[in-house]
Amino acid sequence: MAVGARSRSSPVPTAPPAAELEALLALQRSAGNRAVSRVIAPSTVQRDCEYEPGEKAAAYRGSILAPDVRKLASTGSGYNAAAGSVLVADFEPDSARVRTDATAELRASWRGTLERDGKQRYALLGFSDCTGDETTNTSLRSARARAVAALLPKTAARGVVGAAPAGDFIKPGNTNREERALNRSVLIRLPPEELSQSVQVDEYSEAAVAYWRANPEGTVNDLVTFTSGRAQARLVANGVPLPAVAPGTSHAASATVAYFDPGTWTITIDLAKITSDVKQAGVTATTKLRALDAESVAILSKTCYHEARHAEQTFLAARVEAEEKGSRTSADRLARSMGIQVAVAQKAIDASAVTMPDVLKAKARDWLTFSSGGRHQPYKAWNEGLKNELTVLFFVYTTLLEDLAKSGSAVAIRVTWEKGLHPNLDKTFRRDYSFRADTMIKNLTASPHQDPVDLDVRTALVKTANLLFTVLIKEREAGKLPTVDQAAAMDAAATDTANKEARLWLLQLHIALVQLEVAIDEAYRAYPHEADAYKVGEQVATSIKEQASP
């Protein structure tokens, strides 16, 4: 392309053959930075980019950058890759030839490190700057990746090699010759170091299965201790401060078996209840591992990993907060605003010196909205408070309500309503939760901030609030049940009818409460950090069952 010329819109390429398509899919799974459809059929990209006067000639004469090979972290890029990924940059415009300086740098210090690591899987992704036709640039990016792969054959053989997705740049701004030189490059990419990465999931799962098989006389307690330790070690390797893991107890009425507390930086595991999610009959904390099936191992192990992921989420959110506030924050202020320890906050500030990948940063911003001081923390407190109240209500009344629904008299049901259900539901559920829900819905509707998380919160809140209102409406209908005096004046037929109507009302109330409970739990699982942790936990469970299969 001539100096100063503006590029044209790129045409949409045709779909590739099946073999090439499979290669593209493998590349995309490794890169994880665009939807597969974007790789296969990228949308038309209108470019408006040109070289500075003399820039192209200077790039042909010699390197614009020094050194040409560097860690991604040193570039300040937010690309979706680990900071330890290596960038081979400063290719000549329209060329896939690795510069002599870059080749010498790779051979002198980088090749030994990259080629020796026999387990690590890299993706060699070729990039181009913002000039030129997209069809030409796609071929150029692929050729650059292959050129670097030829210098690192062992590294390339362990991963995938190809063009980065259309529209991806190491430095998206392309605002000066240095940024464009960084974009004319090949990224030897490692995925961001987090527990959600498949490599880390599989390593953890492999260790859990190996421990289960090697220690048949060990117990469930031993397995939980081992897997918790493995999750802790993985966190430390990812740069996350080590959380303590301690045995503890959750509320008797709660189904919670483990939880992470940011304030104490501790994962608490209720050893007496951790087997409650296990489908295998008769499993307790002292059950021998030889008696466990693979699914039970998967369920127990994913619980430990789930809570470790919450610790990682909190730290990454703190890193984003520290990075964006910069010198305007301190360890003390960050600790207070996020409800974490000062030592953890300081490590987040230290880690924020390295730019976090944009994809991970976006997730962490969503997690921040539900953390202490986040804009959706009041909603989180409301939903979980309502869940706790409902859990206690069921814990206290379930047996009584079931008995009354089977054979209770209308009078007995009314008395139970007057003395227990109504005071609780009217005061706590109506005044403390229904009224607050109305206010939050109004505030969310009026808020100028309407991103996908806000919309999801409003949808979930409206659904839960409507079901809560249904419960309250149904609860008030008990006022029509006969009093003691009214029942005394009834004949046998009228009494029988009144009893049936009362039992039907009680059954309908119970159904409405269960529907409310389901909605609350669905809303809880939809929190950005919970949805992410549940997804990662399921990855662990799937990996363990696959590795445990014959």
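Placed above this text is the structure.
This structure is a prediction, so every number in the text was calculated from the model and none was measured. (Residues numbered from 1 in each chain as written. Predicted model: local features only at pLDDT ≥ 70, side-chain atom pairs only at ≥ 80, totals over all residues. Heavy atoms only, no water.)

**Focus on the layout of surface pockets**
Turning to step 1, where the next piece is worked out: Estimated volume of the largest pocket: approximately 1,500 Å³.
Turning to step 2, where the next piece is worked out: Along the wall of the largest pocket there are 45 residues; nearest its centre are Thr256, Ala258, Glu307, Tyr524 and Glu530.
Turning to step 3, where the next piece is worked out: At the level of secondary structure, the elements contributing two or more residues to the lining of the largest pocket comprise β7 (258-261), α10 (294-325), α14 (377-407), α18 (492-526) and α19 (528-548).
Turning to step 4, where the next piece is worked out: The residue makeup of the lining of the largest pocket, split by class, is 17 nonpolar, 16 polar and 12 charged. (1 Å grid on protein atoms, 1.4 Å probe; cavity = no way out; pocket = protein on both sides within 12 Å on 5 of 7 lines; lining within 4 Å. Points joined across faces, edges and corners; volume = space filled by probe spheres on them. Helix = DSSP H or I, 4+ residues; strand = E, 2+ residues; numbered from the N terminus. Nonpolar A, V, L, I, M, F, W, Y, C, P; charged D, E, K, R; others polar.)

**Thoughts on the sheet that holds strand β5 (residues 186-189)**
Turning to step 1, where the next piece is worked out: In spatial order, the strands read β1-β2-β5-β3-β4; together these five strands make up an open sheet with mixed pairing. The open sheet is flanked by β1 (69-71) and β4 (160-163), the only strands paired with a single partner. Each strand axis lies, on average, 20 degrees off the axis of its neighbour in the sheet, ignoring direction.
Turning to step 2, where the next piece is worked out: Two strands pair when backbone bridges link them, and strand β3 (residues 123-126) and β5 are joined in this way by four bridges, in the antiparallel orientation. The residue of β5 that forms the bridge with alanine 123 is arginine 189.
Turning to step 3, where the next piece is worked out: Strands in contact with helix α5 (residues 134-151) are β2 (86-88), β3, β4 and β5; relative to β4, the strand with the most contacts, it is inclined by about 150 degrees. (Pairing = 2+ DSSP bridges. Axes fitted to C-alpha atoms, helices over the stretch in contact; angles between N-to-C directions. Contact = heavy atoms within 4.5 Å.)

**Overview of the sheet that holds strand β8 (residues 266-269)**
Turning to step 1, where the next piece is worked out: Spatially, three strands are ordered β6-β8-β7 in an open sheet, and the strand pairing comes out mixed. Edge strands, defined here as strands with exactly one partner in the open sheet, are β6 (244-247) and β7. Between one strand axis and the next, the sheet turns through 20 degrees on average, direction left out of account.
Turning to step 2, where the next piece is worked out: As paired strands, β6 and β8 are joined by four bridges and run parallel to one another. Within β8, the position partnered with alanine 246 by the bridge is threonine 268.
Turning to step 3, where the next piece is worked out: Sheet strands touched by α10: β7 and β8. Its angle to β7, the strand with the most contacts, is close to 15 degrees.

**Digging into empty space enclosed by the protein**
Turning to step 1, where the next piece is worked out: Going through the model one piece at a time under the given rule, you end up with three cavities of 30 Å³ or more.
Turning to step 2, where the next piece is worked out: Estimated volume of the largest cavity: approximately 50 Å³.
Turning to step 3, where the next piece is worked out: Around the largest cavity, the lining residues are Ser228, Ala231, Gln232, Leu235, Pro243, Val245, Ile267, Ile269, Cys304 and Ala308.
Turning to step 4, where the next piece is worked out: The set of elements that each furnish at least two residues to the lining of the largest cavity consists of α9 (220-237), β8 and α10.
Turning to step 5, where the next piece is worked out: Of the residues forming the lining of the largest cavity, the biggest block, four residues, is contributed by α9.
Turning to step 6, where the next piece is worked out: Its residues assigned to classes, the lining of the largest cavity shows eight nonpolar, two polar and no charged.

**Here we look at the state of the cysteines**
Turning to step 1, where the next piece is worked out: Evaluated as defined, the whole model comprises one disulfide.
Turning to step 2, where the next piece is worked out: With a sulfur-sulfur separation of 1.7 Å, cysteine 49 is cross-linked through a disulfide to cysteine 130. Here cysteine 49 is found in the loop between α2 (36-40) and α3 (55-61), whereas its partner cysteine 130 is found in the loop between β3 and α5, with 81 residues between them in sequence. Cysteine 130 shares its class with cysteine 49; the two are buried. (Disulfide = S-S within 2.5 Å. Buried < 20%, exposed > 50% of the residue type's maximum accessible area, 1.4 Å probe, protein only.)

**Comments concerning a nonpolar patch on the surface**
Turning to step 1, where the next piece is worked out: A grouping of Val392, Phe395 and Val396 is seen on the molecular surface, where their side chains present a nonpolar patch of about 290 Å² in accessible area.
Turning to step 2, where the next piece is worked out: Following the sequence through the fold, valine 392 ends up in helix α14.
Turning to step 3, where the next piece is worked out: Owing to a relative accessible area of 36%, valine 392 belongs among the partly exposed residues under this scheme. (Patch = residues over 30% accessible without salt bridge, like charges linked within 9 Å, V, L, I, M, F, W, Y side chains within 5 Å. Areas by Shrake-Rupley, 256 points an atom, 1.4 Å probe, with all protein chains shown as cover. Salt bridge = Lys/Arg side-chain N within 4 Å of Asp/Glu carboxyl O.)

**Quick word on the packing of aromatic side chains**
Turning to step 1, where the next piece is worked out: This model, assessed by the stated rule, comprises 10 aromatic pairs.
Turning to step 2, where the next piece is worked out: Residues phenylalanine 260 and tryptophan 265 carry aromatic rings whose centres are separated by 5.1 Å and whose planes lie at 80 degrees to one another, so their mutual orientation is edge-to-face. An identical accessibility class is assigned to phenylalanine 260 and tryptophan 265; each is buried.
Turning to step 3, where the next piece is worked out: One aromatic cluster is present, formed by Phe370, Tyr379, Trp382, Tyr433, Tyr524 and Tyr527 through successive ring pairs.
Turning to step 4, where the next piece is worked out: We note arginine 525 situated over the ring of tyrosine 534; from NZ or CZ to the ring centre the distance is 4.1 Å. (Phe/Tyr/Trp six-rings, centres within 6.5 Å; stacked < 30°, edge-to-face > 60°. Lys NZ or Arg CZ within 6 Å of the ring centre and 35° of its normal.)

What is shown is where atoms sit, not what they do.
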